[in-house]
Structure formats: C-alpha cells, structure tokens
Amino acid sequence: MFSPALRPPWRTSSSRLPHSFARTTPCSLSQRLRPSAHAYSSAAGFKSSSPSRIHRYARRATLLLLGVGIVYGLDRQFNASAIGRNVRTLYTCMTIALDYKLNFKPDKADQIPALQERVAQRVYDLLTSNGGLYIKIGQAIGNNAALLPKPLQEKFSKLFDDAPQVPYSVVESVFRKEFGRPPAGPDGVFEIFEEQAAASASIAQVHRARLKTEDGSEQWVAVKVQKPDVSKQVEWDLGAFRVVMWLYENYLFDLPVYFVVDFITDHLRRELDFELEAQNAMRTSQFVASEPRLADRVYIPKVYPELTTKKVMVAEWIDGVRLSDRRGIARLMGDDASDRIPRPPLPADRFPTLRGGVEWVMRTMIELFSAQIFDWGWVHCDPHPGNIIVRPHPHPRRRGDAQFVLLDHGLYVRLSETFQQQYARLWKGLLTVDFDVVKSVAEEWGIGTPDLFASATLMRPVRFAQSNMPDFENMNDYERGVVMKEKLKGFLTDTDRMPKELVFIGRNMRIVQGNNQSFGSPVNRIRITGYWASRSLVTSHDLSFTHRIREMFSHVVFLSVMFTTDILFWATKVRQWFWRYFGRKGESFEDELERTMRDFAKSNFGVDIPENVFEG
C-alpha cells in the first residue's frame with residue numbers, strides 16, 4: 001500500500017526499531033532483567049578477586065612454611081642442624097656487615113662504641129650457639145685478638161672449649177659403628193668403661209676405662225670419643241667460614257683475611273682424625289726421647305693404635321694436677337708453703353710435695369715449646385693449661401721429682417728448615433737490637449711494618465725509629481678505626497709470601513706467655529726462647545765449618561747480651577718479693593711487658609687492650 005519511503009513510522013519493521021521500542025515478549029523481558037556475566041564481573045570484580053588473591057597467597061605461605069619445617073626437621077634429625085647453623089652464620093655476618101655499613105660513619109662517631117658492643121655480642125652468641133668447630137675458630141681468633149676492639153677482646157676471653165657431654169647411648173652407638181662392639185661387657189672393647197665422661201669439649205669427650213689384660217692387671221686408659229654431630233657439621237662449618245672470609249675481604253671490609261683460610265681449614269680438618277692424632281703423639285714422643293735435656297722431664301702418654309680409629313682414640317690415663325689448677329700446682333710444687341693464709345684441702349694433696357717449684361714447671365714448658373719451634377720443626381698448637389699435667393715422676397730413682405705431661409696432640413704444624421732459620425734469626429736480631437736482620441726477615445715474609453711485627457713476636461713494644469705517630473687522643477672512634485685499618489693493610493703487603501705457620505706459632509707463643517704470667521712470671525721467658533733460637537743457628541746441619549765457627553762466636557756474644565735481660569728480670573723479681581713481704585701483689589716481668597704492650601697498642605693503634613688479654 002505504501003512505498004518504503006512513505007511508510008509511516010508505526011509500520012516500520014521491529015528489527016529496525018531502537019531496542020527500547022522493540023516488541024517485548026516474556027522471554028525477552030527475562031533476558032533484559034537478567035544481568036550479564038560481564039556486568040556482574042565489572043560490578044563485583046573487586047569483591048570476588050580479593051578473597052581469591054588472599055587465598056592464593058595464604059596457600060603459598062602455608063606451603064612455604066611447611067617446606068621450611070620439613071627441611072628444618074630433616075636437617076636437625078639427619079644432618080646435625082648443619083644447614084641451620086650455616087643460615088645462622090650468614091645471617092649474623094650479613095647483619096654485622098650491614099650494621100657497619102650503616103653506622104660506621106664520621107657523623108655517627110659517638111655511636112661506634114655501641115656498634116662494637118652489638119657486634120661483639122652477635123659474634124659471641126653465634127660461636128656459642130653453633131659450638132663445635134666454631135669454638136675452635138673463635139679461639140684461634142681470640143688468641144690473635146689484641147688489636148680488635150675492646151668489646152670483642154672481652155667476649156673472646158670468655159670463650160672456653162667446654163660443652164655438655166653427649167649421652168652414653170650415643171657413645172655406645174659410636175663404638176658399635178667403629179668396632180662392632182659395645183664399650184664394655186662380655187663382648188665389649190674394655191673390661192670397665194665409665195659412662196660418665198671425665199671431660200667434655202666442643203668436638204669430643206673423654207671417658208675413663210680399664211683394659212682387658214691376660215694377667216688381670218689394672219691398666220686404666222683415657223678414651224677420647226668424637227661427638228657424631230661434628231663429622232656431619234665440619235664441611236658445612238668450614239664452607240661457611242670460607243664464604244664469610246671471602247665476602248669480608250672482597251666486598252665488605254677490604255682487609256686481607258682470606259689468604260689463611262685454606263691453611264686453617266686444613267689443620268682444623270686434621271684435628272678431627274684421631275688416627276692422625278695418635279701418630280702425632282707417637283712422633284712427639286720420639287722427639288722428646290731424642291732430646292737429652294727434656295727426655296726425663298717431659299712425658300707423652302702412650303697411645304694404643306690397635307684400639308684407635310678415626311672417631312675413637314685410646315691413650316694412657318695420667319693422674320696428676322692440670323696446669324689450669326693454679327692453686328693445686330702451687331701446692332704440688334711446694335710454692336704455697338710460706339703463705340700466711342690457711343691452706344684449705346685440695347685434690348693435689350693426694351700427691352707428695354715435689355721439688356723445683358713452679359719455676360721448674362714454667363722452665364720445662366718454655367724449653368719444650370722452644371725445642372719444638374727451633375729444633376724439631378714440629379709444633380703443638382694448643383698448649384693451653386688444660387692440656388698440661390704435672391705429676392710425680394713414676395721412676396723409683398726420681399722420687400720427689402716432677403714430670404711434665406703434654407696432652408691433646410690433634411693440632412700440630414710442621415715447619416720447614418728455612419722457616420726455622422728465619423724465625424731464629426728474627427728472635428736473635430730482636431734481642432741483640434740488630435734491626436737490619438729483623439727488617440730483612442720481615443721483607444722476606446712480605447710484612448710491611450717490621451716494628452709492629454717485632455712487637456707481636458716478642459710480646460713487648462719494639463720501635464725502630466721515631467716517626468710521626470697519629471694523635472689518637474684527639475681522634476674520634478671513626479677516625480681511629482680508619483687509621484687502624486690502613487695500618488693493618490700496610491702490615492700485610494704480600495700475603496703470598498707470608499708464612500701461614502705464623503698463625504699457629506703466634507697462638508702457641510701467646511698461650512705460653514699467658515701460662516708464665518698466670519704464675520707470676522717465675523722464669524725469663526724471653527731469655528729462654530732466645531737461647532734456643534740462637535743455639536739452633538749453631539747446630540744447623542747445613543753450615544760450613546767457617547760459618548759454624550762464626551755462628552758459635554755470635555752465640556757467645558748473644559749470651560753476654562742476654563745478661564742485660566736477666567738484670568731487668570731479677571730487678572722485677574726483687575720488687576715482687578718486696579711488695580709480697582708487705583702483703584701486696586707486685587707486678588711481675590710478664591705483667592710489665594703486658595702493660596707496655598697495652599701502651600704500645602694505644603699509641604700506635606688507638607686500641608684499648610684489657611688486662612690479662614694474653615693469659616693462657
């Protein structure tokens with residue numbers, strides 16, 4: 001009827017009408033009233049996705065915590081917490097490094113003492129929490145800690161190598177693994193085995209046992225049992241030590257410390273091999289027997305190789321008084337007989353009073369370790385007082401005499417003949433004031449500050465020439481720290497040439513000095529050590545006849561020069577006796593040396609060294 005162009009609007013096709021004008025049906029109405037999926041997600045997207053994201057994160061956190069818990073449990077049960085110890089180590093060391101980076105600044109100089117206190121506490125907590133080899137490493141640092149900040153020195157002085165003993169059931173499991181038998185019983189290794197340990201340290205504990213003998217005689221032995229956790233932890237611990245030293249040298253403090261890592265880790269690893277310790281003891285016994293001046297005075301306990309494995313070592317039981325028992329040693333050697341104070345009973349009273357006094361003990365100790373350094377080239381590196389026993393001489397003809405017994409032969413260092421001669425020349429040059437010799441040896445060893453090295457060797461101040469010293473009194477803690485760092489870097493100019501043996505030789509020397517000092521310096525340690533050094537140059541095997549004659553003449557001159565040190569030593573002894581007569585404690589020879597060393601460290605490094613820092 002109408003053409004498309006003239007068709008009225010109301011006749012227009014519904015398909016062309018706007019949606020609002022489209023014909024409505026029940027079905028279309030329901031579709032229009034139902035919200036679309038897109039509209040729903042747009043309107044409620046935040047509310048729906050937020051719970052989903054929270055659940056996802058919660059699930060991940062739960063899985064992470066579960067994984068950490070499983071690793072922690074397995075590490076604790078089967079790996080002696082080695083991974084956990086490493087995590088604790090790296091966390092502590094990174095915390096210390098970050099603390100230094102943030103707070104060791106010129107504008108925070110007044111806060112540096114508090115920083116050093118925090119660092120000292122963290123290091124001490126780490127070493128004592130981890131135990132085991134960490135105690136050994138801490139002791140090695142502690143015996144060379146004289147130039148560290150005072151809080152660190154004080155913390156290291158409290159670091160003792162003792163630890164709770166492991167249960168007897170653990171000891172029995174070690175025996176069954178090593179011998180296939182229990183410690184005692186009808187099929188046991190020993191006739192009697194005391195379950196309570198006589199002593200317990202960081203890596204092992206010692207039990208008393210009685211051997212099975214055909215004649216029924218009582219032969220008591222000391223059984224050293226390695227704690228099982230140590231062997232699981234050792235490589236992890238040494239690996240962490242290596243990583244920390246590398247980071248400290250290359251990224252954090254820029255100090256040459258990594259060069260001794262291989263040497264230290266190798267020797268600490270050897271200390272865990274008890275078969276090697278038994279061999280060390282037998283070798284030392286042979287050296288002692290070959291030295292007439294020591295053969296009757298020093299004794300190395302007999303070891304039983306047939307009853308020794310890498311985890312268990314059996315040696316002769318020694319009954320005596322340990323050097324760490326100062327009152328007991330004084331009672332045993334008769335040095336407390338003149339005391340005016342009452343004499344309470346002591347365990348040492350079960351032995352008769354011996355001849356020689358404490359002077360004999362100290363002289364024997366210094367001569368033994370001097371022989372090891374200058375003659376044998378075979379040095380015991382842990383001569384602390386707990387490893388030395390004094391007992392009545394067992395030979396009937398030596399009744400009333402004392403015998404010096406050296407224990408714990410796990411840690412030794414071998415010295416080359418070249419090093420022995422260099423070290424002997426160093427000591428002789430120091431005591432005869434031949435500074436050209438001292439500088440020559442220091443240069444050969446890549447040491448840039450010979451006066452500092454000489455002071456560390458003698459444990460008394462040595463200065464070659466007057467120089468412009470920093471005015472530490474007018475410096476703040478930050479400025480002193482910067483100067484000390486530069487001095488230490490200047491000390492080690494060539495770490496490749498420096499003998500690594502000096503790490504353990506220095507430890508030995510400091511402990512020996514501390515032992516002598518703790519008993520009031522009854523002998524002149526410097527003179528005795530110097531005598532053995534000079535004598536070793538005369539008896540060297542590679543000398544020509546002319547050179548030997550020259551060395552003998554030099555040795556005679558040296559002995560005459562040493563007379564001056566004897567005068568100083570005896571002057572100090574007279575002052576000691578004088579003050580003791582009036583009931584006061586006088587300053588000993590080693591006390592005077594320590595005091596002058598503290599003054600030297602203060603003037604050269606701005607470091608406060610506490611009293612008795614060198615005590616053994």
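Conventions we followed
- Residues numbered from 1 in each chain as written.
- Predicted model: local features only at pLDDT ≥ 70, side-chain atom pairs only at ≥ 80, totals over all residues.
- Heavy atoms only, no water.
- Core = buried A, V, L, I, M, F, W, Y, C linked by side-chain atoms within 4.5 Å.
- Buried < 20%, exposed > 50% of the residue type's maximum accessible area, 1.4 Å probe, protein only.
- Helix = DSSP H or I, 4+ residues; strand = E, 2+ residues; numbered from the N terminus.
- Pairing = 2+ DSSP bridges.
- Expected span 1.5 Å × (residues − 1).
- Polar contact = N/O pair within 3.5 Å; in protein donor to acceptor, adjacent residues only side chain to side chain.
- Contact = heavy atoms within 4.5 Å.
- Axes fitted to C-alpha atoms, helices over the stretch in contact; angles between N-to-C directions.
- Parallel < 35°, antiparallel > 145°, perpendicular 65-115°, else oblique.
- Left-handed = near helix turned anticlockwise from the far one by under 90°.
- Nonpolar A, V, L, I, M, F, W, Y, C, P; charged D, E, K, R; others polar.
- Patch = residues over 30% accessible without salt bridge, like charges linked within 9 Å, V, L, I, M, F, W, Y side chains within 5 Å.
- Areas by Shrake-Rupley, 256 points an atom, 1.4 Å probe, with all protein chains shown as cover.
- Salt bridge = Lys/Arg side-chain N within 4 Å of Asp/Glu carboxyl O.
- Phe/Tyr/Trp six-rings, centres within 6.5 Å; stacked < 30°, edge-to-face > 60°.
- Lys NZ or Arg CZ within 6 Å of the ring centre and 35° of its normal.

> Would you mind going over the nonpolar core in detail, with residue names and values included?
As a rule of thumb, soluble globular proteins bury nonpolar side chains together. Grouped together as the largest cluster of nonpolar side chains are 104 residues, with contacts concentrated most on Met333, Met365, Tyr423, Trp445 and Ile505. Ranked by the residues each element gives to this core, the list is headed by helix α12 (residues 357-376), at twelve residues. With 16 residues, the next largest nonpolar core counts Phe193, Leu211, Val225 and Tyr304 among its residues.

> Any chance you could break down the pairing of strand β10 (residues 402-406) for me, citing the residues and the numbers?
Counting buried residues in β10 gives five out of five residues, a clear majority hidden from the surface. Along β10, one buried face is formed by Ala402, Phe404 and Leu406 and the opposite face, lined by Gln403 and Val405, is buried too. Taken together, the two bridges between strand β5 (residues 298-299) and β10 define a ladder with parallel strand orientation. When the bridges of β10 are listed, Tyr299 appears paired with Val405. Where strand β9 (residues 388-392) and β10 come together, five bridges link them in antiparallel fashion. What sits directly across from Arg391, in β10, is Gln403.

> Account for helix α10 (residues 274-290), naming residues and giving values.
An α-helical turn contains 3.6 residues, so a residue and the one three or four places further along point in the same direction. Under the 1.5 Å per step criterion, the end-to-end length of α10 is 25 Å for 17 residues, consistent within 8% with the ideal 24 Å. If you check the start of α10, you find a side-chain oxygen 3.1 Å away from the backbone N of Glu275, and it comes from Asp273.

> An account of unusual backbone geometry is requested, with residue identities and associated values reported.
Within the chain, Asp408 stands out as a residue other than glycine whose phi angle is a positive 55°. At Ser521, a residue that is not glycine, the phi angle is positive and equals roughly 55°. Within the secondary structure, Ser521 is located in the loop between α17 (501-518) and α18 (525-538). You can call Ser521 buried: its relative accessible area is 0%.

> Quick rundown of the sheet that holds β10? Include the residues and the values.
Hydrogen bonds along the backbone pair up the strands of a sheet, which may run parallel or antiparallel. Here we have four strands laid out as an open sheet, ordered β5-β10-β9-β7, and mixed in their pairing. At either end of the open sheet lies a strand with only one pairing partner, and these are β5 and β7 (321-322). Strands β5, β9 and β10 of the sheet are contacted by α12, whose axis makes an angle of about 45° with β10.

> Explain the packing of helix α13 (residues 417-431) against α18 to me, using residue names and the numbers behind them.
One way to put it is that α13 packs onto α18 with a least axis distance of 8 Å and a crossing angle of 130°. Here α13 is positioned oblique relative to α18, judged by the angle of their axes. Pair α13 / α18 crosses with left-handed handedness. For the pair α13 and α18, the contacting residues are Gln421, Ala424, Arg425, Trp427, Lys428 and Leu431 in the first and Arg525, Ile526, Thr529, Gly530, Ala533, Ser534, Ser536 and Leu537 in the second. Here the residues of the contact of α13 with α18 sort into six nonpolar, five polar and three charged.

> An account of a nonpolar patch on the surface is needed here, citing residue identities and associated values.
Together, Val71, Ile83, Val87 and Trp236 make up a nonpolar patch on the protein surface, roughly 330 Å² of accessible area in all. Structurally, Val71 is set in helix α2 (residues 37-78). Residue Val71 is classed as partly exposed on the basis of its relative accessible area, which comes to 45%.

> Help me get a handle on the pattern of salt bridges, residues and values and all.
Tallied over the entire structure, the rule returns 26 salt bridges. Note that Glu444 and Arg425 form a salt bridge whose closest N and O atoms lie 3.5 Å from each other. Here Glu444, found in helix α14 (residues 435-444), pairs with Arg425, found in helix α13; they are 19 residues apart in sequence, far enough to count as distant. Close ionic contact of Lys428 with Glu551 constitutes a salt bridge, the shortest N to O distance being 3.7 Å. Of this pair, Lys428 sits in helix α13 while Glu551 is found in helix α19 (residues 545-581), placing the two residues 123 residues apart along the sequence. As far as the burial class goes, Lys428 and Glu551 line up, both buried. What you see here is one network of salt bridges that share partners, running through Asp296, Arg355, Arg398 and Asp401.

> Break down the packing of aromatic side chains for me, with residues and values.
Considering all chains together, one arrives at 15 aromatic pairs under this definition. For the pair Phe175 and Phe193, a centre-to-centre distance of 5.5 Å together with 70° between the ring planes defines the contact as edge-to-face. Highlighted residues: Phe175 in helix α7 (residues 168-179) and Phe193 in strand β1 (residues 192-193), separated in sequence by 18 residues. Across the pair, Phe193 and Phe175 agree in class, each one buried. Centre to centre, the rings of Phe263 and Phe504 are 5.7 Å apart; their planes meet at 45°, and the pair counts as tilted. Note that Phe263 is positioned in helix α9 (residues 261-270) and Phe504 in helix α17, a separation of 241 residues in sequence. Looking at Phe263, the relative accessible area reads 16%, which means it is buried. Among the aromatic residues, those joined into a cluster by ring pairs are Tyr168, Phe175, Phe179, Phe190 and Phe193. The ring of Trp220 carries the charged tip of Arg208 above its face, separated from the ring centre by 4.0 Å.

> Just give me the short version of α19, but keep the residues and values in it.
Across its 37 residues, α19 extends 53 Å between first and last C-alpha, which sits within 8% of the 54 Å expected from 1.5 Å per residue. Inspection of α19 places Glu551, His555, Phe558, Met562, Thr565, Asp566, Phe569, Thr572, Lys573 and Gln576 among the buried residues, and these make up the whole buried set. Just past α19, the residue Gly583 takes up positive phi, approximately 80°.

> Mind laying out the environment of Ala82, listing which residues take part and the relevant values?
Along the chain, Ala82 falls in helix α3 (residues 82-103). The class for Ala82 is buried, based on a relative accessible area of 0%. Ala82 sits 148 residues away from Val230 along the chain, and the two C-alpha atoms are 9.4 Å apart.

> I'd like to hear about the packing of α18 against α19, residue by residue, with values.
Contact geometry for α18 and α19: axes closest at 9 Å, N-to-C directions at 170°. Accordingly, the angle class assigned to the pair α18 and α19 is roughly antiparallel. Here α18 contributes Arg527, Gly530, Tyr531, Ser534, Arg535, Leu537 and Val538 to the contact with α19, which in turn contributes Arg548, Glu551, Met552, His555, Phe558, Leu559, Met562, Thr565 and Asp566. In terms of residue class, the contact of α18 with α19 is made up of seven nonpolar, four polar and five charged.

> Quick one: what's the story with the environment of Gly357, residue by residue and with numbers?
Mapped onto the elements, Gly357 comes out in helix α12. When the C-alpha positions of Gly357 and Leu332 are compared, they lie 8.3 Å apart, and in sequence the two are 25 residues distant. In this view, Gly357 contacts Met333 and Asp335; residues no more than four positions away in its chain are not counted.

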